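What the coordinates show
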Amino acid sequence: MTSPLSGEARALLIEEGDQLSRRLAQQLHAPLERQERLQFYGRSLALNLIQALLPTAEQITWRMERPLSAHVVSDLRGRAALQTVTFDGELHSTLPADDLIEAALFVNGRLHPAVRELLLGALHGSEHAATRALVACLKSRPVLDAAQRYLQGLLRAPRQ
């Protein structure tokens, strides 16, 4: 089963989170004093979203009796990607993490309305409210639907 993230994988996901936080700052029109909070949101969303998929992909493949191991790796662009590998070490598939983040949180380049509403509430609320909003965002229908589509692609993708 999936082990804790390596230092390199964690750094790749933090970079994805930083990219996300810059987009959130633009789309939420956040004041400068909220930039640190947005960085936390971006990193939290990226890390939690991707880390949730790793064991899920492995559990699904075990139940299908075609076990795969899932990892975060660096792609050719130096960005985070999810990779599945057979237990013989053969590459099964690789998909960019930013594709999942885009599909989960955005529609046509704009924040999904449900995600936007949750993040705006978090931005102006207490830390406790922000934590609840981030959890609600990760459990929201657009995020779960995108994660399901991404998992299907990761599990059926041809060898690359």
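Preceding block: the structure.
**Quick word on the pattern of salt bridges**
A complete count under the given rule lists eight salt bridges for this structure. The shortest N-O distance in the salt bridge between Asp98 and Arg77 comes to 3.2 Å. Of this pair, Asp98 sits in helix α3 (residues 97–105) while Arg77 is found in the loop between β1 (68–74) and β2 (80–86), placing the two residues 21 residues apart along the sequence. Residue class for Asp98 comes out buried when judged on its relative accessible area of 18%. Measuring nitrogen to oxygen at the nearest pair gives 3.6 Å for the salt bridge that ties Arg79 to Asp98.

**As for α3**
Looking only at α3, the buried set comprises Ala97, Asp98, Leu100, Ile101, Ala104 and Leu105. Along the axis of α3, the buried residues cluster in a sector spanning 155°; they form a single face.

Criteria and thresholds
Residues numbered from 1 in each chain as written. Predicted model: local features only at pLDDT ≥ 70, side-chain atom pairs only at ≥ 80, totals over all residues. Heavy atoms only, no water. Salt bridge = Lys/Arg side-chain N within 4 Å of Asp/Glu carboxyl O. Helix = DSSP H or I, 4+ residues; strand = E, 2+ residues; numbered from the N terminus. Buried < 20%, exposed > 50% of the residue type's maximum accessible area, 1.4 Å probe, protein only. Arc of directions from axis to C-beta.

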